Structures are given as C-alpha cells and as structure tokens.
Amino acid sequence: MNRRALILAAPTLAVSTGHAAAQTWPNRPVRFVVGFAPGGANDIMARLLAAKLAERMPGSSFIVENRPGASTVVGAELVARAAPDGTTFMFTSPSTMIAILVNRITTIDPMQALVPVVMASSAPLALICRPDFPARNVAEFIALARERGPRLTISNPGMGAVNHLAMALLTRRTGIEPTLVPYSGNQPSITALMRGEVDLAHDGLFTPRAQLQDGTLRALALTSTARSPLHPDVPTFGETLPGYEVGFWGGLLAPRGTPNAIMDRLAEEVDMVLRQPDVITRIRAFGAEPTGGDRAAFTRAYAADWEKWSQVVRDNDIRPG
C-alpha cells in the first residue's frame, strides 16, 4: 500500500481499531474512582453499577476505589492523569466541578481533562423543614424569607457545596437574604435542623430519608421543574419560579483520549443496567431516578452545569470557606 493509500485508509483503520477495542473491552480490571468516603450516595451508586456490569459481562472485573480529599478533586486529578485506556473512570457529581470553581486548587480543567460518558442518576435538592414550619409552599417560603430577612436560617453541608450554590442562585433570583449556615457535611446539617439550631436545611433526599418517611421532617420544596414521582405531593421551585432548576446527578467521566468506542460501549452497558427493575428500586430508595441515555445527552448537561455554576461563583464572589 503506497503512502497516499495509507493516508486515505487511516480514518477507516482508526474506526476499526476502536470497534475492535470495544469488542474485547474490558480485558483488564476496570476501576471506578469515587472522590468520597465509602457509604455515601455516590459510593453506593458506583458499587451498584460495578456489580451489575460484572454480571452482564462474565469474566470482567469492576472495582470501586475511594479517593476522598479536597472535595473530590483528589480523585478527579487521579483520573484525569490516568492512562486513557478504558481501565479508569470517575463516578462523581457536580461536586467536582464546583469544588474546582470555588477552591481553585487544581491545575486540571474538568471541561478538557475529563469526558462525560453516561449519567446514571439524577435527583433534585430539597428545602427541608420541621413539621411546624409555617410555610407550606414556595410562595409562602419566599414571603416569610422577605419578612424575616437574616433571622431566617438555612443550613447546608458546607461552603461551596452544590447546596450552597443552589441557594445563592435562589437568593439572587428572589432577592431574599436568609442567613446560610454551613456545617461539615450532610448529616450535621440535618441534625442541626432537628435540634432547632436552624429553621431549614438545604439538602438532598438521601440523608433525611428516614425522618421524611416518619414525619419528623418535611420536604417543603424540590429544586426541579416537575414534581418527583417519588414525592408527588411536594411542590417544586419551578412551579413558582419558572426556569429555576438544580439537579444533582451522578455519572461516569473518563480521561480525555479514552477511545470513543469504549466509552460508547460503557454507556450502552450502563443504560441496560439502569433498566433492571431491582436497580430502579435501589436508586429510588435514596431519592433519585435512574437516567442513562447516550453520551451526547450527558455531555450537554455537563456543559450546562459548568456554565451555570461558573456564573453563580462569579456573580456571588464565592470563595473557599
């Protein structure tokens, strides 16, 4: 084959090689790096996917590796610098890009170094209160917040967490000025609410799930545009404030340079896992919905979140706490 023929054939050869790699993948152990300690929603989800993928592909090995530190940035740096050979992925949430935006503690660019593969789950955040809190919906909450001003206190899991930024987005949109009280994690934030140290907590539905079920706490509103099928009686911010939406997704990212065919294969396999009835039940148990879909959908959502949170951080001059 002469040089011209080789040049013309190169794209076809690359595609063929990529498809061949996808057919034999995974021929080595695959690790899902999680930037949180074991036991949280991201860790649970990563382990569920790892187990189910191993079942779907006999002879394969999927391992979850916890690398907590610097609000998930330690794990992100490890994955970004890993060989792009289809053996290393990161299971994460918006927490990673937000930590990078707020703390400015890494040299990696998450829009360049990490590539979205598949969104596995999505859940709204929630404004949580005690049963006797006077507001019953978003309009009443906003009216009360305007009346009380800084005397209204709202806890969150920490400065720079997605909960903090979501509330910053809300305060800028509505003009309310509550006092935001950061705690060192989700459970301390919810415990503060139960003890009466704050009026409300801005959290997900996973940490306070037992209290929401037994009525010790109440979900006042969700940060979605449509009501959750898991909580059909809970109003959404979007019903009162069109366009206000904050989703907390969990998904897999790959080091840039990972073959497209391998990422497509992984996205397809995860999508099939997410259709299994027992998987749907388990995901819904921690207040989320399975998503799946193709890589393009997650790429759009990932880019939209980066743009949104970049603007929130700039507009509110949010810095490390």
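Look up: the structure comes first, before these words.
In this report, we go over the structure that sits alongside the text. Here the structure is a predicted model, which means the values were calculated and not measured.

1. Observations concerning the environment of arginine 47
Thought 1: Locating arginine 47 in the fold gives a position in helix 2 (residues 41-56).
Thought 2: Residues arginine 47 and glycine 251, spaced 204 residues apart in sequence, show a C-alpha to C-alpha distance of 12 Å.
Thought 3: Aside from chain neighbours lying at most four places away, what touches arginine 47 is Val64 and Asn66.
Thought 4: In terms of polar contacts, arginine 47 uses its side chain to reach the side chain of asparagine 66, at 2.7 Å.

2. Details of the nonpolar core
Thought 1: Within the largest apolar cluster, 51 residues are counted, with the highest numbers of intra-cluster contacts made by Phe141, Leu200, Phe237 and Trp309.
Thought 2: In contact with phenylalanine 141, other than residues within four places in its own chain, are Leu127, Ala135, Leu152, Ile154, Leu170, Ile176, Leu200, Leu220 and Phe237.

3. Section: the side chain of asparagine 163
Thought 1: Mapped onto the elements, asparagine 163 comes out in helix 6 (residues 162-174).
Thought 2: Other than its neighbours up to four places away in sequence, asparagine 163 contacts Leu125, Asn156, Pro157, His202, Asp203 and Gly204.

4. Some thoughts on helix 7 (residues 186-195)
Thought 1: Restricting attention to buried positions, one finds in helix 7 the residues Ser189, Ile190, Ala192 and Leu193. One face of helix 7 carries all of its buried residues, which in axial projection span an arc of 155 degrees.
Thought 2: Remark: glycine 196 follows helix 7 within two positions and exhibits a positive phi of approximately 85 degrees.

5. Remarks on the packing of aromatic side chains
Thought 1: Following the criterion strictly, the structure yields nine aromatic pairs and no others.
Thought 2: Relative to phenylalanine 89, the ring of phenylalanine 32 lies with its centre 6.3 Å away and its plane at 80 degrees, an arrangement referred to as edge-to-face. Separated by 57 residues along the polypeptide, phenylalanine 32 in strand 1 (residues 30-34) and phenylalanine 89 in strand 3 (residues 88-92) bring together distant segments of the chain. The same class applies to phenylalanine 32 and to phenylalanine 89, which are both buried.
Thought 3: Clustering of aromatic rings is evident, with ring pairs tying together Trp25, Phe32, Phe62 and Phe89.
Thought 4: Over the ring of phenylalanine 206 we find arginine 209, and its NZ or CZ is 4.1 Å from the ring centre.
Thought 5: Taking NZ or CZ as reference, lysine 308 lies 5.1 Å from the ring centre of tryptophan 309, over its face.

6. Let's talk about the environment of glycine 40
Thought 1: Tracing the backbone shows glycine 40 in the loop between strand 1 and helix 2.
Thought 2: Among the residues examined, glycine 40 registers a relative accessible area of 27% and is labelled partly exposed.
Thought 3: Separated by 169 residues in sequence, glycine 40 and arginine 209 have C-alpha atoms that sit 13 Å apart.

7. Concerning the pattern of salt bridges
Thought 1: All told, the structure shown has 15 salt bridges when counted by the stated rule.
Thought 2: Across the salt bridge formed by glutamate 269 and arginine 265, the nearest N and O atoms sit 3.2 Å from each other. Of this pair, glutamate 269 and arginine 265 both sit in helix 10 (residues 260-273), four residues apart, which is roughly one turn of that helix.
Thought 3: Each of the salt bridges in this network shares a partner with another, and the network as a whole consists of Arg31, Glu65 and Arg67.

8. Quick word on the packing of helix 2 against helix 10
Helix-helix packing is described using two parameters, namely the angle between the two axes and the distance between the axes.
Thought 1: Viewed as axis vectors pointing N to C, helix 2 and helix 10 meet at an angle of 100 degrees, and their least axial separation amounts to 10 Å. Between helix 2 and helix 10, the angle is such that the two are roughly perpendicular. Facing Leu49, Lys52, Leu53 and Arg56 of helix 2, the residues of helix 10 in contact are Leu266, Glu269, Val270, Met272 and Val273.
Thought 2: The residue makeup of the contact of helix 2 with helix 10, split by class, is six nonpolar, no polar and three charged.

Reading the values: rules and limits
- Residues numbered from 1 in each chain as written.
- Predicted model: local features only at pLDDT ≥ 70, side-chain atom pairs only at ≥ 80, totals over all residues.
- Heavy atoms only, no water.
- Helix = DSSP H or I, 4+ residues; strand = E, 2+ residues; numbered from the N terminus.
- Contact = heavy atoms within 4.5 Å.
- Polar contact = N/O pair within 3.5 Å; in protein donor to acceptor, adjacent residues only side chain to side chain.
- Core = buried A, V, L, I, M, F, W, Y, C linked by side-chain atoms within 4.5 Å.
- Buried < 20%, exposed > 50% of the residue type's maximum accessible area, 1.4 Å probe, protein only.
- Arc of directions from axis to C-beta.
- Phe/Tyr/Trp six-rings, centres within 6.5 Å; stacked < 30°, edge-to-face > 60°.
- Lys NZ or Arg CZ within 6 Å of the ring centre and 35° of its normal.
- Salt bridge = Lys/Arg side-chain N within 4 Å of Asp/Glu carboxyl O.
- Axes fitted to C-alpha atoms, helices over the stretch in contact; angles between N-to-C directions.
- Parallel < 35°, antiparallel > 145°, perpendicular 65-115°, else oblique.
- Nonpolar A, V, L, I, M, F, W, Y, C, P; charged D, E, K, R; others polar.

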